[in-house]
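Observations on chain architecture
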Protein chains: 2
Amino acid sequence: MRAAGELVEKRGSAALSLREAARAAGVSHNAPYRHFADRDSLLAALAMEGFDLLDQAAAGRSARELGEAYVEFALAHPQRFRLMFGGALDLEDHPALRSRAELAHQKLERGLAEFGVDAAFAAAATWALMHGLAQIVLDGHFAHAQEQCGGPAAFARKVLGAVRLARAAQRSA
Amino acid sequence: MRAAGELVEKRGSAALSLREAARAAGVSHNAPYRHFADRDSLLAALAMEGFDLLDQAAAGRSARELGEAYVEFALAHPQRFRLMFGGALDLEDHPALRSRAELAHQKLERGLAEFGVDAAFAAAATWALMHGLAQIVLDGHFAHAQEQCGGPAAFARKVLGAVRLARAAQRSA
DNA sequence: GTGATATGTTTACGGTGACAACATACGGTT
DNA sequence: AACCGTATGTTGTCACCGTAAACATATCAC
């Protein structure tokens, strides 16, 4: 798992080869099959580990910092983030991963509820915003604006801040 | 291109094999190399085609329907959408794809400007919202809420509608 | 007609996922 | 102490894949 995780974070999940991971771990090319049914199962395990990391990243933060934490996690573990949300794994084939992801969603929604975002649509919109922003920053879009702000993290903070104002306006209306 | 596109839309870009595409097109397994330097180049071409499709999907719509069009495109061509934004292609290695993507971003921002979203951060936030929503719906999250609304498209419409109100409130403030 | 260019084919090599058969080491039972 | 099931690792094998090189053919300008 450790060797495979490092390979994924370095070159992306598509480039992960069971054999290379096995070599990196110093075992034979077929040893991984004693622990994972196939390549996808190993990726699923790494994705689940990713949700643990995401939980961990969100844990220390106050509810209102969730968005920043989300984007920061994506920036800190880009390939892991893509593995978790990039659709490389079919959730139908990995029920354990599915339920782990759903748990993360529930935690997220609960965190948003603390922030006063209790309507289902608003929670969905908030999450979509966080998620899309993470993805966009990861892809390197808005590079110019990001430079002006002094880095992607600052950019994300400002974008999220702008919307926070909008939501406040909505609640007061 | 047609054969490869169908394979990608059916089983995802990771499962695309040059040899299988060549077989589907009825040519030898090495014929594609006369048209594409390598596998990634073919994927890049398919991604560029995807941006054409996205432009086309957004063209007929009024500016205020952009969000719906975006999500509808993702739902209509899930694997193509993932190929375009999933980070499978490194934009550094495919400058043509990079500029094509930037053109699409510019069109999108212009469309948003027509809608009154002219501040850079608001445009970024709007795009992030559309993008994240598309991704989330694609991943099958909020399945329960989606059913209640009568399908993912209706769900997306409602979420986007909720935020539209928020933005209006911000502008009036 | 001739030659250049575009396109397709054949053959070959190394890497990869996956399967099967075999080996080894460890913990509990008798 | 002898025994055995289980977990783990190894070797060998196969089909498939990306990619390269050498070779063949067709098309089109001159």
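Source: prediction; values computed, not measured.

Parameters and conventions
- Residues numbered from 1 in each chain as written.
- Chains lettered and ligands numbered in written order.
- Predicted model: local features only at pLDDT ≥ 70, side-chain atom pairs only at ≥ 80, totals over all residues.
- Contact = placed C-beta atoms within 7 Å.
- Helix = DSSP H or I, 4+ residues; strand = E, 2+ residues; numbered from the N terminus.
- Nonpolar A, V, L, I, M, F, W, Y, C, P; charged D, E, K, R; others polar.
- Near = placed C-beta within 6 Å.
- Buried ≥ 20, exposed ≤ 12 C-beta atoms within 10 Å, placed from the backbone.
- Least-squares fit on C-alpha atoms with pLDDT ≥ 70 in both.
- Axes fitted to C-alpha atoms, helices over the stretch in contact; angles between N-to-C directions.
- Parallel < 35°, antiparallel > 145°, perpendicular 65-115°, else oblique.
- Left-handed = near helix turned anticlockwise from the far one by under 90°.
- Arc of directions from axis to C-beta.
- Core = buried A, V, L, I, M, F, W, Y, C linked by C-beta atoms within 7 Å.

1. Concerning the interface of chain A and chain B
Taken residue by residue, the interface counts 38 residues in chain A and 38 residues in chain B. For the side of chain A that touches chain B, the element with the highest residue contribution is helix 7 (residues 120-139) of chain A, accounting for 16 residues. Taken together, the residues of the side of chain A that touches chain B break down into 25 nonpolar, nine polar and four charged.

2. Let's talk about the protein's contact with DNA strand C
The full set close to DNA strand C counts 13 residues, and A:Ser17, A:Asp38, B:Val27, B:Ser28 and B:Asn30 are the nearest of them. Considering every element that reaches the surface near DNA strand C, the biggest residue donor is helix 2 (residues 18-25) of chain A, with three residues. For the surface near DNA strand C, the per-class residue count stands at three nonpolar, five polar and five charged.

3. Let's talk about the environment of B:Leu91
If you trace the backbone, B:Leu91 turns up in the loop between helix 5 (78-85) and helix 6 (95-114). Residue B:Leu91 is classed as partly exposed on the basis of its 18 C-beta neighbours within 10 Å. The sequence separation of B:Leu91 and B:Ala101 amounts to 10 residues, and the corresponding C-alpha distance is 9.3 Å. Setting aside its immediate chain neighbours within four residues, B:Leu91 contacts A:Gly140, B:Leu97 and B:Arg98.

4. Re the protein's contact with DNA strand D
In the vicinity of DNA strand D lie 14 residues, with A:Val27, A:Ser28, A:Asn30, B:Leu18 and B:Asp38 positioned nearest. Element by element, the count of residues in the surface near DNA strand D is highest for helix 2 (residues 18-25) of chain B, at three residues. Among the residues making up the surface near DNA strand D, the classes are represented as three nonpolar, six polar and five charged.

5. Some details on the relation of the copies chain A and chain B
With an RMSD of 0.1 Å, chain A superimposes on chain B once it is rotated by 180° and translated 0.0 Å along the axis. Read as a symmetry element, the transformation amounts to a two-fold axis. The C-alpha atom lying nearest the rotation axis in chain A is that of A:Gly132; the distance is 1.7 Å. A share of 100% of interface residues in chain A that are also interface residues in chain B marks the association as one of identical surfaces.

6. Remarks on the packing of helix 3 (residues 39-59) of chain B against helix 6 of chain B
All names here are of chain B. Viewed as axis vectors pointing N to C, helix 3 and helix 6 meet at an angle of 15°, and their least axial separation amounts to 9 Å. One finds that helix 3 runs roughly parallel with respect to helix 6. Read as a crossing pair, helix 3 and helix 6 show a hand that is left-handed. Along its contact with helix 3, which presents Ala44, Ala47, Met48, Phe51, Leu54, Asp55 and Ala58, the element helix 6 presents Ala96, Leu97, Arg100, Ala101, Ala104, Lys107 and Gly111. Taken together, the residues of the contact of helix 3 with helix 6 sort by class into 10 nonpolar, one polar and three charged.

7. Digging into the environment of B:Tyr70
Residues and elements named next belong to chain B. Its location among the elements puts Tyr70 in helix 4 (residues 66-76). Exposure remark for Tyr70: the 24 C-beta atoms within 10 Å place this residue in the buried category. When residues no more than four places from it in sequence are discounted, the contact partners of Tyr70 are Met130 and Ala134.

8. Quick look at helix 1 (residues 2-11) of chain A
Residues and elements named next belong to chain A. Looking only at helix 1, the buried set comprises Ala4, Gly5 and Val8. Buried residues of helix 1 fall within an arc of 100° about the axis and therefore sit on the same side. Exposed positions of helix 1 whose direction lies more than 90 degrees from the buried face are Arg2, Glu6 and Lys10. At its buried positions, helix 1 is contacted by helix 2, helix 3 (39-59) and helix 5 (78-85). Positive phi appears at Gly12, one or two residues downstream of helix 1, with a value of about 95°.

9. Regarding the nonpolar core
A:Leu133 and B:Leu133 are the most contacted members of the largest nonpolar core, which has 88 residues in total. The contacts of A:Leu133, once residues within four sequence positions are left out, are A:Val71, A:Ala156, A:Val159, B:Ala128 and B:Gly132.

Purely geometric stuff here, so don't read any function into it on its own.
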